[in-house]
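Here is what each chain is made of, one letter per residue.
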Amino acid sequence: MSNDSRPKTFLIVLIPLLSLIGCGDGGERTFAALPAFCQEVMRDMDRFLGSFEDPADGRYGGTAVVGGIGEIPGGMNSLVSADHGAAQHQIFVNQMTLIRFDEAYDPEPYLARAWDVNEEETEVTFHLRDDVFWHDGHKTTAYDVEFTYRRATDPETGFPNAAFWAHYVPGPDGIEVVDSFTVKLEMRPHAEALDPWRALAIMPRHLLEDVPPGELRQHPFGERCSVGNGPFRFVEHRSDESWAFERNPAFPEELGGPPFLGRYVYRVVPEPSTLLTDLLTESVDLYLQPTADQFPRIEDAEHLRLLTFPFRDYVFAAWNSRRRQLEDPRVRRAIAHGVNRAQIVEAILGGSGSVANTGVPPFHWAYDEEAVDALPYDPERARELLEEAGWVDRDGDGIREDADGVRMELSVRYNTGNQERQEIAEIMQSQLRRVGIEVRPRAMEWATLVSEITDAERRDFDGFILAWVTEFKVDDTDLFHSSNSSAPYGWAGLEDEEVDRLLEQLQVTVDREDALPLWEAYQQRILELQPFTYIYFRERGAGLNERLRDVHMDARGEWVTISQWWIPEEERTGRPLVARSP
Amino acid sequence: MIGYVLRRVGGAVPLVLGVATIVFFVMNLAPGDPSSLYAGPGVSPQALEEVRQNMGLDAPVHVRYIRWMGAMAQGDFGHSLARGQPVRDVIRDLLPNTLLLSGTALALAFLAGILIGVLQAVRHNTWIDSSLSGASLFFYSIPSFWLALMLILVFSLYARNVWGWPVHFPASGMTSVDHAWMTPWEQVKDRAMHLVLPATSLALVLAGGIARYTRTSMLEVIHQDYIRTARAKGLPEWRVIAGHALRNALIPVVTVFGLYLPLLFSGTVFVETVFAWPGMGKLVVDAIGQRDYPVVMAGALVFAVMVVVGNLIADVLYSVVDPRIRHG
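Every value quoted in this text rests on a predicted model; they were computed, and no experiment measured them.

What follows is about the overall build of chain B. Along its length, chain B carries twelve helices and zero strands. Ordered by position in the sequence, the α and β elements of chain B form the string α-α-α-α-α-α-α-α-α-α-α-α. In terms of principal-axis extent, the alpha carbons of chain B reach across some 85 × 60 × 40 Å. Restricting to contacts in chain B with at least 6 residues of sequence separation, those with at least 24 account for 72%. Counting every atom, chain B has about 14600 Å² of accessible surface; 70% of that belongs to carbon and sulfur. A gap of 11 Å separates the mean positions of the 23 positive and 19 negative side-chain charges of chain B.

This part is about the nonpolar core. If you look at the biggest cluster of nonpolar residues, it comprises 81 residues, and the most contacted ones within it are Phe126, Tyr168, Trp197 and Trp559 of chain A. Counting residues per element, this core draws most heavily on helix H4 (residues 142-153) of chain A, at five residues. Not counting residues up to four positions away in its chain, the partners in contact with Trp559 of chain A are Val66, Gln88, His89, Phe92, Val93, Tyr264, Tyr266, Leu288 and Trp565 of chain A. Core analysis: the next-biggest nonpolar cluster, separate from the first, contains 76 residues, Met27, Ile222, Leu246 and Ala287 of chain B among them.

Attention now moves to the domain arrangement of chain A. Often, the extent of an interface is quoted as the loss of accessible area upon association of its parts. Residue and element names in this part refer to chain A. As far as domains go, chain A holds domain 1 (11-285 + 547-580) and domain 2 (311-538). Contact with domain 1, which involves 19 residues of that partner, is made by 14 residues of domain 2. Taken together, both faces of the contact between domain 1 and domain 2 bury some 1500 Å²; the carbon and sulfur share is 56%. On the surface where domain 1 and domain 2 come into contact, there are two salt bridges. Close ionic contact of Arg512 with Asp106 constitutes a salt bridge, the shortest N to O distance being 3.9 Å. Between the two partners, domain 1 and domain 2, sit four residue pairs in polar contact (both at pLDDT 80 or more). Taken together, the residues of the side of domain 1 that touches domain 2 sort by class into eight nonpolar, four polar and seven charged.

What follows deals with the packing of aromatic side chains. Residues and elements named next belong to chain A. The full count for this structure, using the stated rule, is 49 aromatic pairs over all chains. Aromatic side chains Phe48 and Phe133 sit 5.6 Å apart centroid to centroid with 45° between the ring planes, which places their arrangement in the tilted category. Here Phe48, found in helix H2 (residues 36-49), pairs with Phe133, found in the loop between strand S5 (123-128) and H4; they are 85 residues apart in sequence, far enough to count as distant. With relative accessibility at 18%, the residue Phe48 sits in the buried group.

Bringing the sheet that holds strand S6 (residues 175-179) of chain A into the picture now. Strands pair in a sheet through their backbones, by hydrogen bonds, and they do so in one of two ways: parallel or antiparallel. Residues and elements named next belong to chain A. Spatially, four strands are ordered S4-S5-S7-S6 in an open sheet, and the strand pairing comes out antiparallel. Each end of this open sheet is capped by a strand with a single partner; those strands are strand S4 (112-117) and S6. Taken over all neighbouring pairs, the strand axes of this sheet differ in orientation by 20° on average, direction set aside. Summarising the sheet, S4 and S5 pair through five bridges and their orientation is antiparallel. Following the sheet pairing, Asp116 is matched in S5 by Thr125.

So, on to the pairing of strand S17 (residues 532-545) of chain A. All names here are of chain A. For S17, a buried count of 13 out of 14 residues is recorded, marking the element as mostly surrounded by other parts of the structure. As paired elements, strand S11 (residues 286-288) and S17 share three bridges and run antiparallel to each other. Looking across to S17, one finds that Leu288 is bridged to Ala542. As paired elements, strand S13 (residues 353-355) and S17 share three bridges and run antiparallel to each other. Bridge pairing in S17 links Gly353 to Arg538.

A few words on the packing of helix H5 (residues 87-122) of chain B against helix H12 (residues 293-321) of chain B. How two helices sit against one another is set out by the angle between their axes and by the gap between those axes. Residue and element names in this part refer to chain B. Following both chains from N to C, one finds H5 and H12 inclined at 40°, their axes separated by 11 Å at the closest point. By the angle class used here, H5 and H12 are oblique. Helix-helix and strand crossings are classified by hand; for H5 and H12 the assignment is right-handed. Packed against H5, whose contacting residues are Val87, Ile91, Leu95 and Leu99, the element H12 presents Pro294, Val295, Ala298, Gly299, Val302 and Met306 at the interface.

The subject of this paragraph is the pattern of salt bridges. Residue and element names in this part refer to chain A. Applying the stated criterion across every chain, the model contains 50 salt bridges over all chains. The partner of Glu409 in a salt bridge is Arg440, with the nearest N and O atoms 3.3 Å apart. Of this pair, Glu409 sits in strand S14 (residues 409-415) while Arg440 sits in strand S15 (residues 438-444), and the two are 31 residues apart along the sequence. Residue Glu409 is classed as partly exposed on the basis of its relative accessible area of 26%. Taking relative accessible area as the criterion, Arg440 reaches 40% and is therefore assigned partly exposed. Salt-bridge contacts for Glu528 lead to Arg525; the nearest nitrogen and oxygen are separated by 2.7 Å. Here Glu528 pairs with Arg525, and both are found in helix H17 (residues 512-529), just three residues apart, close to one helical turn. A relative accessible area of 40% places Glu528 in the partly exposed class. Note on Arg525: relative accessible area 17%, which makes it buried. Put simply, Asp397, Arg407, Glu409, Arg433, Glu438 and Arg440 are held in one network by salt bridges that share partners.

The next point concerns the packing of H5 of chain B against helix H10 (residues 237-274) of chain B. Residue and element names in this part refer to chain B. Where H5 meets H10, the closest approach of the two axes is 8 Å, and the angle between their N-to-C directions is 140°. The angle between H5 and H10 places the two elements in the oblique class. Seen from above, H5 lies across H10 with right-handed handedness. Taken together, the residues of H10 that come into contact with H5 (itself represented by Thr98, Leu101, Ser102, Ala105, Leu106, Phe110, Ile114, Val118 and Val122) are Ile241, Leu246, Leu250, Val253, Phe257, Leu261, Leu264, Phe265, Thr268, Val271 and Glu272.

Looking now at helix H1 (residues 2-29) of chain B. Residues and elements named next belong to chain B. Relative to the 40 Å expected for 28 residues at 1.5 Å per residue, H1 spans 41 Å between its end C-alpha atoms, a close match to the ideal helical length. The axis of H1 is deflected most strongly, by about 25°, at Ala12, and proline Pro14 appears within four residues downstream. Along H1, the residues that are buried comprise Tyr4, Ala12, Val16, Ala20, Phe24, Met27 and Asn28. Residues of H1 that are buried in the fold lie against helix H4 (61-73), helix H11 (280-289) and H12.

Attention shifts here to the side chain of Gln90 of chain A. In this fold, Gln90 of chain A is placed in helix H3 (residues 84-94). Setting aside residues up to four positions removed in sequence, Gln90 of chain A forms contacts with Gly75, Met76, Asn77, Ser78, Ser81, Gln95, Met96 and Ala201 of chain A.

Conventions adopted
Residues numbered from 1 in each chain as written. Chains lettered and ligands numbered in written order. Predicted model: local features only at pLDDT ≥ 70, side-chain atom pairs only at ≥ 80, totals over all residues. Heavy atoms only, no water. Helix = DSSP H or I, 4+ residues; strand = E, 2+ residues; numbered from the N terminus. Contact = heavy atoms within 4.5 Å. Areas by Shrake-Rupley, 256 points an atom, 1.4 Å probe, with all protein chains shown as cover. Lys, Arg positive; Asp, Glu negative; His and termini not counted. Charge placed at Lys NZ, Arg CZ, Asp CG, Glu CD. Core = buried A, V, L, I, M, F, W, Y, C linked by side-chain atoms within 4.5 Å. Buried < 20%, exposed > 50% of the residue type's maximum accessible area, 1.4 Å probe, protein only. Domains from an automatic or database assignment. Buried area = accessible area lost by both parts, 1.4 Å probe. Salt bridge = Lys/Arg side-chain N within 4 Å of Asp/Glu carboxyl O. Polar contact = N/O pair within 3.5 Å; in protein donor to acceptor, adjacent residues only side chain to side chain. Nonpolar A, V, L, I, M, F, W, Y, C, P; charged D, E, K, R; others polar. Phe/Tyr/Trp six-rings, centres within 6.5 Å; stacked < 30°, edge-to-face > 60°. Pairing = 2+ DSSP bridges. Axes fitted to C-alpha atoms, helices over the stretch in contact; angles between N-to-C directions. Parallel < 35°, antiparallel > 145°, perpendicular 65-115°, else oblique. Left-handed = near helix turned anticlockwise from the far one by under 90°. Expected span 1.5 Å × (residues − 1). Bend = angle between axes of the 7 residues up to and from the residue.

Right under this line is the structure:
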């Protein structure tokens, strides 16, 4: 027996380890690991964009690192992605939309330099810029718009935002290419008819035309080698780790020219505490959506600044009006009176938010100021309403019953792991108990919750707490129109003629002046019926390292001004980025 | 020996298939349907049906099972429902990361655990023994995600921002953002620096247990007659311990190697999440939440294979440390 075999054993373990550590990337771009489609387009992009000179202005250059807790599901493929972060990268970073919103949320030209709508509001014609190139050198034309529209309206694609096209004529009949840079669409009059063209990034026809619509979801384009036409070109995506983009030197001067940043990296850091550490130790420059309890840490740090801005998502408790306990609107109003929502905003958001009363966000032109105090915290009023509706504590246990002895007991679901919603459910439980309603909070795994509430045949719930993001075009038809009460999102089961009539009218009222009274009436009606207890609109936050300049965020999104972000030369960290040979 | 390995591999095939089958049916029993998670509001029932068809979810469970088995036999794991990419590509990206992390953690854990255990046995009933016992019990009992957060707090945040230490470690990721522009040597260093905290937080938890096994086993061996003989021969003490005692004491510790692999992989789930280490643990847990069946299935298979292989390695190591055990 010799002692020699022991060191050998350790070597067996160590050799593969060392070899893994050693496998660096090298300085040159290699595409060998990519699918064949990607190898070709990546080379084309390097070739085309490599032929442009970098501008001399001192603001150009540097790398900005943005950290978020989630991946970007669906990536840069606007035809299949349903995620907020994905949409933001498509419309502000990698690709372009026909129009964009200015700071007052009014449409302004982007890929389309102009548009006109005919008098009857049944036709819109977009005139496209003729100086926008895809990052591989092809020009962006009206045919790309036509292609994108056809795919997005083709049911085979499974486009997730089908509601975009409610006022358009789907398929090839709805769109006509007039010439290479002019495209005409048929539509029905609507208040926010152009909104889809702000939200949908145009996709390159020359690369994706031959892909069957049903296979777009699986195509490597979105995740591995996106070819866009926006201010940043795609460089690399590492699953669950990072996305890297670099300046598009060919971006048109008239639209602001190439962005200042040389490179923009989005990093996935799933644990909020780790991400906060990364921000504090300057490994990331911008931390998106920190939790409210992290706000003070960010504000206290010398080199950091906390940005907050109102956003379009609200948290609500939905009530199933098909249930005996919840069928009377007075009961649902009593719930709203019985919960101190202002206190919830203070306790959970640390005040960075506002009480919601309907789904119309505070910055929206149709927001009804008068609705603000419509349902104040008033336990006495809550008790009266319950009493009127016939719910009285008959057995003296503190919980009300109706004449048949049904207890006012509500199980309220939320998704496991969501601290915020759990706290809301618990606050509701303690406050509603005081008015004689027993709330039983119940945590459920996300996918199970979604299937229980959207399965129209079961609808096996009393209530649940969820968040909803509206577009700028607020349209509650999916939620509250009676024709949708057995569709997946008809959670509340609302069937009200006036709500139906208002929702229908709102859709076709183009003039905002005319629409305002309708909006007011609609919001009042929703306050009365209370299909949901709206809880709050949250302000979104972001932790920013001050070396990254000119970062502005608003309800349009986090990345809206990314082309103007810049880092003074003396504050750049890391190695200077040397252009790599293609 | 080769015959033995082949027989063991052959025996593992039904085991791995059994695991895959159970996971497949358990996943499909859970309520929830991926198509409803990926379709937005306003989607027509027709479009939803198209999405289900695109995802291959329209067939009954047993048909899907047979299809999946057939595809897998040809090495086709299908496409991830959530990511759209071939599952093979996703795993090819993430598996090496998990192997690197867990391999390093395992090596560190055994190295540290054995050293500590031996030291304790040699200094039996001294303050060194009792304080190391306390420490290893501490690390053995604490959850690894908590330890991970504490390591970040101390060695990334405080070390850099409060105490200004010359060395501090990155809290997240596998490489720096400017990794591609580094020299090869800097790249190795960069990766190693990123590996320190995640590997340590996994290793510390395991090392505590290994140290306790080693200590007990060492104490037993140290009082055997052949150790006294070795000492009587006049061998230096380190040769007695390292050459004669340790080798025999390691036999039960090797068993622990096989047992610890599943523990290690479940630990990676938390550690990968905390340190933003893109790996298999987090992939599979996310995929379960998203009802991304193909990824869950492939991930379960990969983990099953790794555990089987780990146990095989343990068995082979037996014969290395103990010549009496020879597999014919």
